Amino acid sequence: MSSSVTSRPTSLYGGQAGRRITVRDIAAAKERGEKWPMVTAYDAMTARVFDEAGIPVLLVGDSAAMVVYGYDSTLPVSVDDLMPLTAAVVRGSSRAMVVADLPFGSYQSSPQQALETAARFMKEAGAHAVKLEGGRRVLPQVEALVSAGIPVMAHLGLTPQSVNAFGGYRVQGRGQSGDELMADAKDLEYAGAFSVVLECVPAELAERVTASLSIPTIGIGAGPATDAQVLVWQDLMGLTPHPAKFVKKYFDLAGEMDRAVRAFADEVTTGAFPTPEHSYR
């Protein structure tokens, strides 16, 4: 009688892999029907917290344009802006796959431009994958990156870099455009993308896309049927003043920070801080 025991697959969220999460791990989670979380990160300290919490994928999003640099859209942020943030998240984590967003204007013109930009994120910042927006119009870019050995996360629906073309932040994929989104998703899978973000699309459409693909879907405002969910960490922690409808606030970090800094200021002005406990002899 054999004494060997078939080991159970490691959970993508919270599991102890002893190594970085890879695209193979993500594909296996899809096969198991396991749902998993993804959050954004932009610095080493928050990356460490999320990594130790077991978050399997950290996205250095072009949302940094708003939450780090103070712009009112993702459009102004550059490769040079995101490069040090990506490197910091890689240094601050040890298990999570770190995905770098390719910012507006850094990949759209040609597959060669996309390859040069993605290569910088991989070589200089240590990213493990990149994300780009768009459907059939970016298929040559996706194919070029995958052929070069760069894992690609796709992004459909409300693609914020195209907000001006959409006429604002609107739900995408209703009516006939839903069939187009479905076709885009299948084409991106065929081109080699290892996953696809679905942003602000009807839940029923996201469910159909998820069922039709062998690669995982990652929802943000796309209902509960996607394989994974992603949120900007400042949104879920309550730092964003007016979050989108799809955001659930899990903590009032803004309130806690306000209380803490006021307590510090009060103790400084009254002379209660620092005490001998916080002073050197």
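Residues numbered from 1 in each chain as written. Predicted model: local features only at pLDDT ≥ 70, side-chain atom pairs only at ≥ 80, totals over all residues. Heavy atoms only, no water.

If you look the protein up in an unreviewed UniProt entry, it shows as 3-methyl-2-oxobutanoate hydroxymethyltransferase from Streptosporangium canum. Listed under Pathway (unreviewed entry) in UniProt, the entry text for the protein is "Cofactor biosynthesis; (R)-pantothenate biosynthesis; (R)-pantoate from 3-methyl-2-oxobutanoate: step 1/2." (UniProt positions renumbered as here; feature names shortened; annotations may be inferred.)

Visitor: Quick rundown of helix H4 (residues 79–92)? Include the residues and the values.
Guide: Its 14 residues place the ends of H4 20 Å apart at the C-alpha level, agreeing with the 20 Å of an ideal helix rising 1.5 Å per residue. Counted residue by residue, H4 has 10 buried out of 14 residues, so it is predominantly covered. The complete set of buried residues in H4 reads Val79, Leu82, Met83, Leu85, Thr86, Ala87, Ala88, Val89, Val90 and Gly92. Residues of H4 that are buried sit in contact with helix H2 (44–52), strand S2 (57–60), helix H3 (64–67), strand S3 (97–101) and helix H5 (111–124). (Helix = DSSP H or I, 4+ residues; strand = E, 2+ residues; numbered from the N terminus. Expected span 1.5 Å × (residues − 1). Buried < 20%, exposed > 50% of the residue type's maximum accessible area, 1.4 Å probe, protein only. Contact = heavy atoms within 4.5 Å.)

Visitor: Talk me through unusual backbone geometry; I want residue IDs and the actual numbers.
Guide: A cis amide bond, omega 5 degrees, links Phe273 with the succeeding residue Pro274. In this structure, Pro274 sits in the segment after helix H11 (253–270).

Visitor: Could you give an account of the UniProt feature "binding site: 3-methyl-2-oxobutanoate" (unreviewed entry) in the protein, naming the residues involved and the relevant values?
Guide: Mapped onto this numbering, the UniProt entry annotates "binding site: 3-methyl-2-oxobutanoate" (unreviewed entry) at Asp62, Ser63, Asp101 and Lys131. These annotated residues cover 70 residues of sequence, and their C-alpha atoms lie no more than 12.4 Å from one another, placing them together at a single site. The annotated residues contributing to the lining of the largest pocket are Asp62, Ser63, Asp101 and Lys131. Note that Asp62 resides in the loop between S2 and H3. Leave out the neighbours within four places in its chain, and Asp62 touches Thr74, Val77, Leu82, Asp101, Glu133 and Gln161. (1 Å grid on protein atoms, 1.4 Å probe; cavity = no way out; pocket = protein on both sides within 12 Å on 5 of 7 lines; lining within 4 Å.)

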